[in-house]
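Inside the fold
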Amino acid sequence: MERLSGKEVNSVVAYIGVSGGYLGNFSYASHAEFYPAYCGLDIDPNEFNGTTRERFIAILSQADPLVQSKIIQGVIEKYPLEHFEDRFTDGHLTEGELKTSFNV
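Residues numbered from 1 in each chain as written. Predicted model: local features only at pLDDT ≥ 70, side-chain atom pairs only at ≥ 80, totals over all residues. Heavy atoms only, no water.

1. Focus: the packing of aromatic side chains
Following the criterion strictly, the structure yields five aromatic pairs and no others. Centre to centre, the rings of Y22 and Y28 are 6.1 Å apart; their planes meet at 90°, and the pair counts as edge-to-face. Considering the side-chain rings of F34 and Y38, the 5.7 Å spacing of their centres and the 25° angle between planes classify their relative orientation as stacked. One end of the pair, F34, and the other, Y38, are both in helix α2 (residues 28–39), four residues apart, so they sit about a helical turn from each other. On the basis of relative accessibility, which here comes to 1%, the residue F34 falls in the buried class. What makes Y38 partly exposed here is its relative accessible area of 31%. (Phe/Tyr/Trp six-rings, centres within 6.5 Å; stacked < 30°, edge-to-face > 60°. Helix = DSSP H or I, 4+ residues; strand = E, 2+ residues; numbered from the N terminus. Buried < 20%, exposed > 50% of the residue type's maximum accessible area, 1.4 Å probe, protein only.)

2. Points about the packing of α2 against helix α3 (residues 52–62)
For the pair α2 and α3, interaxial distance at closest approach is 10 Å and the crossing angle is 20°. Taken together, the axes of α2 and α3 are roughly parallel relative to one another. Crossing of α2 over α3 shows right-handed handedness. The residues of α3 that touch α2, namely those facing Y28, H31, F34 and Y35, are T52, R55, F56 and I59. Residue composition of the contact of α2 with α3, by class: five nonpolar, two polar and one charged. (Axes fitted to C-alpha atoms, helices over the stretch in contact; angles between N-to-C directions. Parallel < 35°, antiparallel > 145°, perpendicular 65-115°, else oblique. Left-handed = near helix turned anticlockwise from the far one by under 90°. Contact = heavy atoms within 4.5 Å. Nonpolar A, V, L, I, M, F, W, Y, C, P; charged D, E, K, R; others polar.)

3. Observations regarding the environment of K78
In this fold, K78 is placed in helix α4 (residues 65–78). When residues no more than four places from it in sequence are discounted, the contact partners of K78 are N25, F26, F34 and Y38.

4. Comments concerning the nonpolar core
Generally speaking, a soluble globular protein has its nonpolar side chains buried in company with each other. Judged by nonpolar contacts, the single largest core of 20 residues is most densely connected at I16, F34, Y35, F56, I71 and V75. Elements supplying a minimum of two residues to this core: α1 (6–16), α2, α3 and α4. Per-element tally for this core: the top contributor is α1, with five residues. (Core = buried A, V, L, I, M, F, W, Y, C linked by side-chain atoms within 4.5 Å.)

What follows is the structure, encoded as C-alpha cells:
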C-alpha cells in the first residue's frame, strides 16, 4: 500500500473544512486529543509547527499507510456525513460550502 498523494491529503482536509487557515473546529488542544481518542494513535501535533491545518497535513503526509488509514477512520468518526447535513440544516453551512465539501 502506498502513502496518500498530496491531492488525497488535500481531499481529506477539504472534507473536514478549513476556516481562517485552521482545520475544522479543531483547537490546538482538541487536535492533540483527536489522535488518541479517534485514531488510537500516540501522535502529538504539538511537535509540529504551524496552524492545526498545517500540522494535520504534515502528520497525515508523513505517516505510513497504516497510520494514514487510522487517521482517515478517525476523521470519518469525528466528522460523519450527518455532521455536515446538520450544519447545513442549522444554517451554519451554505449550499455552496456543502457541495464543495463533497466535491459535487
